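# Tertiary structure, described
Here's the letter readout for the chains.
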Amino acid sequence: MAATEHTTNGVHTTKTFTHQLLTGRWFMLFASSLIMSVAGATYMFGLYSNQIKTSLSYDQTTLNLLSFFKDLGANVGVISGLINEITPPWVVLTTGIIMNFFGYFMIWLSVTKKIHTPKIWQMCLYICIGANSQTFANTGALVTCVKNFPHSRGSVLGLLKGYVGLSGAIITQIYHTLYYSDNNDNTQSLILLIAWLPAAISFLFLPTIRILKLDSIQQKEHKVFYHLLYISLGLASFLMILIIVQNKFTFSKIEYLGDGGVVIFLLLLPLVVVFREEFKSNSLLKDDTSISQLKVVVADVPSQNVSINEREVEASINSDKKVSCLRTIFKPPNRGEDYTILQALFSIDMLILFLATTFGVGGTLTAIDNLGQIGHSLGYPSKSTTTFVSLVSIWNYLGRVASGYISEILLTKYKIPRPYLLTFVMLLSCVGHILIALGVSNSLYFASVIIGFCFGAQWPLMFAIISEIFGLKYYSTLYNFGAVASPVGSYIFNVRVAGNLYDKEALKQLEAKGFSRQEGKDLTCVGVECYRMAFIIITASTLIGCFFSLILVFRTRRFYKDIYGKYRAELEEAEVEMRNVKSGDVLFESEENRGAMLGVAGDSRSPRP
């Protein structure tokens, strides 16, 4: 009988721990990392863009227009942000699932000629819908994680946005594993994979992603994030070595299967960290119960002791409700407090950040989207295109992780504002643009590394700056508004500058050979001059972005001196409370709370019984 009872208790304990594991915020972070690891298909446009161009007979300007709508969809996430303000995250993720599958599946049907050739506006619509699903994944998973880990937002953004940057290389390896062919040029199957894989992963973790109520006592999280960082660095290193080896040798199907298995193992390895953290939390369950009981008693303070303050707060809330939000647009709160959406959108800080990002991200995104055509014009073999895209993907990841973690360290330890790092990253990207403009032999490999790193590094910095200056209350919407700068920059530099200058140079070369565009010849440009002027213009524009970023540095330098002081005070207080509870002592924040705890009516300063 006792053995049966012991077994029943063991099963119950196992079920309780399993439920705690699957519903905890660390498992939610793991699920979000998997969703993010397949959410960056828009960065793989260089791999399948030539397939679209040849199958549908597009010129470069038309292809760049398609690329612009891809960037527009990938970054205009205001709708997903607004939806997330009023619905739980699973609604946002479900919408993203439907959009991802529909958009890319229609592109696959068009390229494989399974449907009638669509018009250009239809293709633009398909790729815009498919790419827009990325914003729903970001809003549903990443924004939710930031709210669940408010004390480590830089690390969260760096880690998860890092997985987004790494997703291009991850999907490429899964593509080689599932759709192996002798010529490794089955890019039609790659489009199909992009259609179903992200949708399937998001659907699998729908119940996991949600806003959790934070405990008043927060454990130190930075060590856990470093362990997760080390695992992701191992994944990035493996992919980097794999790309180099695959570029030198021809792999068989068995070898691709083995590589895919290692990639999947490294993606699942963070589960070990998640299990360990939840096991630690489970061992402290009794202490947590004592603390929660302590809080309940403290909350039952007699009303006469706090009625005056409550009336003052209630009066101030009622007075705020009477003021129209339109009247407070140009009367924002102090930096770091919760802005309304309109207050943030009309603030000078948001305008400066938007302009800096437009000039900074727009140029790097143009380089990434045109890597295939740049490599072809400079005479690189077609096999190198996959290498360029994979290099961009991995260094995109490293840029995101490095900027997230390093900026957090520099901010907390040395009070260095994040806008300083944003300025430095933009300045570094100019080196990559100059390498492309010069067209030096084999320099495109180095340019891919620099541009991939700088493109990735800008995102966590921008999103963290938005969360710190404007608060987290409406972060879902403001996060997505900041991303709108990317398609604006992409349209200016990709379509209007790079696309037009490429076609003009290609037309000159075509006419020099005695042909005309009307004879059905493709506009293909060969030589350094195809992109030289475009990237000289992009370099100059990026320097303008650096100037705007410096303005933001000077405006916010005082604000960043002690931005996390409030959070550090909360953590220190929680740690003291935890130590006192574990030692058997009770810590009272004030004499009034001591009196309330002891059930003393009237004067709380009466002596202990």
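Figured I'd write up the structure that's included with this text. (Residues numbered from 1 in each chain as written. Predicted model: local features only at pLDDT ≥ 70, side-chain atom pairs only at ≥ 80, totals over all residues. Heavy atoms only, no water.)

All right, on to the packing of helix α16 (residues 348-369) against helix α19 (residues 418-438) then. Orientation of α16 relative to α19, taken along the N-to-C sense of each, is 30°, at an axis distance of 10 Å. Between α16 and α19, the angle is such that the two are roughly parallel. Crossing handedness for the pair α16 and α19: left-handed. Residues Leu-353, Ala-356, Thr-357, Gly-360, Gly-363, Thr-364 and Ala-367 of α16 form the contact with α19, whose own contacting residues are Leu-422, Met-426, Ser-429, His-433 and Ile-436. (Axes fitted to C-alpha atoms, helices over the stretch in contact; angles between N-to-C directions. Helix = DSSP H or I, 4+ residues; strand = E, 2+ residues; numbered from the N terminus. Parallel < 35°, antiparallel > 145°, perpendicular 65-115°, else oblique. Left-handed = near helix turned anticlockwise from the far one by under 90°. Contact = heavy atoms within 4.5 Å.)

This part takes up the packing of helix α3 (residues 45-56) against helix α6 (residues 89-111). When two helices pack together, their arrangement is given by the angle between the helix axes and the distance between those axes. Contact geometry for α3 and α6: axes closest at 10 Å, N-to-C directions at 45°. Comparing their axes, α6 and α3 come out oblique. Contacts from Tyr-48, Gln-51, Ile-52, Ser-55 and Leu-56 of α3 reach α6 at Tyr-104, Ile-107, Ser-110 and Val-111. For the contact of α3 with α6, the class distribution of residues is 6 nonpolar, 3 polar and no charged. (Nonpolar A, V, L, I, M, F, W, Y, C, P; charged D, E, K, R; others polar.)

Before going further, it helps to examine the nonpolar core. In globular proteins that are soluble, nonpolar side chains generally tend to be buried together. Within the largest apolar cluster, 148 residues are counted, with the highest numbers of intra-cluster contacts made by Met-36, Tyr-48 and Ile-52. The element contributing the most residues to this core is helix α20 (residues 443-470), with 16 residues. When neighbours within four sequence positions are excluded, Ile-52 is seen to be in contact with Phe-45, Ser-57, Tyr-58, Leu-63, Leu-66, Ile-107, Val-111 and Met-123. (Core = buried A, V, L, I, M, F, W, Y, C linked by side-chain atoms within 4.5 Å. Buried < 20%, exposed > 50% of the residue type's maximum accessible area, 1.4 Å probe, protein only.)

One pass over the structure, following the stated rule, counts 7 salt bridges. Residue Asp-71 is joined to Lys-70 by a salt bridge in which the shortest nitrogen-to-oxygen separation is 2.8 Å. Owing to a relative accessible area of 1%, Lys-70 belongs among the buried residues under this scheme. The residue Arg-555 makes a salt bridge to Asp-349 at a minimum N-O spacing of 2.8 Å. One end of the pair, Arg-555, is in helix α23 (residues 532-556); the other, Asp-349, is in helix α16, and 206 residues separate them in sequence. According to the relative accessible area criterion, Arg-555 is partly exposed, its value standing at 34%. A single salt-bridge network, built from bridges that share partners, covers Lys-70, Asp-71 and Asp-369. (Salt bridge = Lys/Arg side-chain N within 4 Å of Asp/Glu carboxyl O.)

Taken as a whole and assessed by the stated rule, the structure comprises 1 disulfide. Shown here is the disulfide that connects Cys-525 with Cys-530, its sulfur atoms set 1.9 Å apart. A torsion of -90° about the S-S bond marks the disulfide between Cys-525 and Cys-530 as left-handed. Each member of the pair, Cys-525 together with Cys-530, is buried. Not engaged in a disulfide, the cysteine Cys-128 finds its nearest cysteine sulfur in Cys-124; these two sulfurs lie 8.6 Å apart. Classification of Cys-128 as buried rests on a relative accessible area of 18%. (Disulfide = S-S within 2.5 Å.)

Where two aromatic rings form a pair, the distance of their centres and the angle of their planes describe that pair. Scanning all chains against the criterion turns up 32 aromatic pairs. Plain terms: the ring middles of Tyr-226 and Tyr-405 are 5.7 Å apart, the flat faces sit at 45° to each other, and that makes the pair tilted. Highlighted residues: Tyr-226 in helix α10 (residues 222-248) and Tyr-405 in helix α18 (residues 383-414), separated in sequence by 179 residues. Looking at Tyr-226, the relative accessible area reads 26%, which means it is partly exposed. Aromatic pair Phe-559 and Tyr-560: ring centres 5.2 Å apart, planes at 70°, arrangement edge-to-face. Of the residues examined, Tyr-560 reaches a relative accessible area of 0% and is grouped as buried. Members of the aromatic cluster, joined through ring pairs, are Phe-455, Trp-459, Phe-463, Tyr-475 and Tyr-479. (Phe/Tyr/Trp six-rings, centres within 6.5 Å; stacked < 30°, edge-to-face > 60°.)

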